[in-house]
Amino acid sequence: MQESWNGYVNDDDRALLKVIKFASPTSAGADCIDPDCTWVEQWVHRAGPRKQIYFEPQYVKAGIVTCGGLCPGLNDVIRQIVLTLEKYGVKNIVGIQHGFRGFFENHLGEVLLNRHVVQNINLAGGSFLGVSRGGANISDIVDSIQARRLDMLFVLGGNGTHAGANLIHEECRKRKLKVSIVGVPKTIDNDILLMDKTFGFDTAVEAAQRAINSAYIEAHSAFHGIGLVKLMGRSSGFITMHASLSSGQVDICLIPEVPFTLDGPNGVLRHLEHLIETKGFALICVAEGAGQEHLQQSNATDASGNTVLSDIGVHLQQKMKSHFKEIGIHSDVKYIDPTYMVRAVRANASDAILCTVLGQNAVRHLSPSLAFCHTNPSISCCLSHWFLMETCRFMVPLLGSVASQPAYATRTMSTCRYQKSSSPQG
Ligand SMILES: Nc1ncnc2c1ncn2[C@@H]1O[C@H](COP(=O)(O)OP(=O)(O)OP(=O)(O)O)[C@@H](O)[C@H]1O
Ligand SMILES: O=P(O)(O)OC[C@H]1O[C@](O)(CO)[C@@H](O)[C@@H]1O
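The shown structure was predicted, so the numbers you read here are calculated from the model rather than taken from an experiment.

A short note on the overall build of the protein
At step 1: Of the regular secondary structure elements, the protein holds eleven helices and 13 strands.
At step 2: For the protein, with 426 residues in total, the buried portion stands at 52%.
At step 3: Counting contacts in the protein only where the partners sit at least 6 residues apart, residues at least 24 apart contribute 77% of the total.
At step 4: Carbon and sulfur atoms form 52% of the exposed surface of the protein, whose accessible area is close to 19400 Å².

Here you go:
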């Protein structure tokens, strides 16, 4: 007899990662593996509630950790993971404080989590558990996982965090520990090409509008005003581009993917002169990673090994001031750096929904066949399908950029949908 629809995802369900078959490498956005653009299907496990789960919820101890930089929506994901775990009957849920450091810095105790504790944490930005960079001593972390008797660990973070999560998973396998490591990709920069959109990005773009609008008003009101806004984006310009496009006020948008010259007939400074001559004012939006070639590099790295960037905003501000002084034209430069103001805010409605479904699906996939799959899963949404992807695929090489991925417009414009289920897993 045919089984009726029950709201569960079949373990053999798959989602297709890429849906366009390019006919030619010259087609817009084509990323072909050979000159014939041979079609390679990439199927991934579909995410969602499973009929059978591996763990006995009442005996499970689950941990949650947030690593890297802040991102709007972290609290929404933490909250939803806790609420969903509780729906399954898991009672022992703990938060690890301040990223991977919380595993072995003894003064950072576990935070007990339940629906009462997390009920309102989504009303604030930041991470309820705290974040940190550095401190990924894998062996110590796995010792700590063993000592704490964790059965599952939800790791929220970016490419560095996923590299760490992958190593933790491998170490657990080596020690034959039955610990399920689940990654939840987090990057405010939205530079994971496999996903429609990462949580926090939408909020950051929206929050950046205030800064852009203020810079516009300052520039517009001043005599020969030039407004300059610096936004986040270490190696990708998605926030800057989207914030500029949506504002409709930006004259010059500078992103890491597109090199530019400052001086000369095609330089930014010459174009500014033109804008001042013709419009009377100008507005520039720059991503923090743009134009690094114009600056002295320090070779310094942060605690996680990320390159510390030189300040392109301050550099542009100085260059513009001295340029207009040199050519004897008055200018009034107003510089706004709202970097942390767009990152520390609470998630907007669209990100809140994205985080809710991410949190739910991160918990839901723990079926017998997937709980300890060969490579640990990370949860994502692509072309409206929620899917599970090996965590290692979220590491550095898959990070995207505007220029290297012209197809980004379709990627960021498609939206994630979710199905509500009335089952306990729903
Ligand atoms: N290659 C790596 N292998 C193992 N652990 C890593 C690696 N890179 C970074 N980590 C660890 O992962 C954690 C977070 O890394 P990082 O600070 O680079 O942030 P991220 O996850 O990339 O997020 P963000 O997008 O905010 O930068 C840190 O504890 C760091 O030590
Ligand atoms: O100052 P922090 O906390 O190291 O974070 C800065 C970095 O974090 C990011 O926001 C990514 O999370 C980058 O865009 C930025 O370069």
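From this point, things continue past the structure.
A few points about the site of ligand 1
At step 1: Surveying the vicinity of ligand 1 reveals 18 residues, the closest of which are Gly69, Arg133, Gly134, Thr161 and Ser304.
At step 2: At a separation of 2.6 Å, an oxygen atom of ligand 1 approaches a polar backbone atom of Gly134.
At step 3: A distance of 3.0 Å separates an oxygen atom of ligand 1 from a polar backbone atom of Gly160.
At step 4: Alone, ligand 1 offers 620 Å² of accessible surface; in the complex the protein occludes 81% of this.

Notes on the pairing of strand β3 (residues 61-66)
At step 1: Taken across its six residues, β3 has six buried, putting it largely inside the fold.
At step 2: Residue alternation in β3 divides its side chains into two sets, Lys61, Gly63 and Val65 and Ala62, Ile64 and Thr66, and both sets are buried.
At step 3: Note: β3 against strand β4 (residues 92-96), five bridges, orientation parallel. When the bridges of β4 are listed, Ala62 appears paired with Ile93.
At step 4: Relative to strand β6 (residues 152-157), β3 runs parallel, the two being bridged by five bridges.

A few points about the pairing of β6
Sheet faces and side chains relate simply in a regular strand, where the side chains alternate between the two faces.
At step 1: Of all six residues making up β6, six are buried, and the element is well covered by its neighbours.
At step 2: On β6, burial covers both faces: Met152, Phe154 and Leu156 on one face and Leu153, Val155 and Gly157 on the other are all buried.
At step 3: Across six bridges, the pairing between β6 and strand β7 (residues 180-185) is parallel. Note that in β7 the partner of Leu153 across the bridge is Ile181.

Rules of the game
- Residues numbered from 1 in each chain as written.
- Chains lettered and ligands numbered in written order.
- Predicted model: local features only at pLDDT ≥ 70, side-chain atom pairs only at ≥ 80, totals over all residues.
- Heavy atoms only, no water.
- Helix = DSSP H or I, 4+ residues; strand = E, 2+ residues; numbered from the N terminus.
- Buried < 20%, exposed > 50% of the residue type's maximum accessible area, 1.4 Å probe, protein only.
- Contact = heavy atoms within 4.5 Å.
- Areas by Shrake-Rupley, 256 points an atom, 1.4 Å probe, with all protein chains shown as cover.
- Near = heavy atom within 4 Å.
- Polar contact = N/O pair within 3.5 Å; in protein donor to acceptor, adjacent residues only side chain to side chain.
- Pairing = 2+ DSSP bridges.

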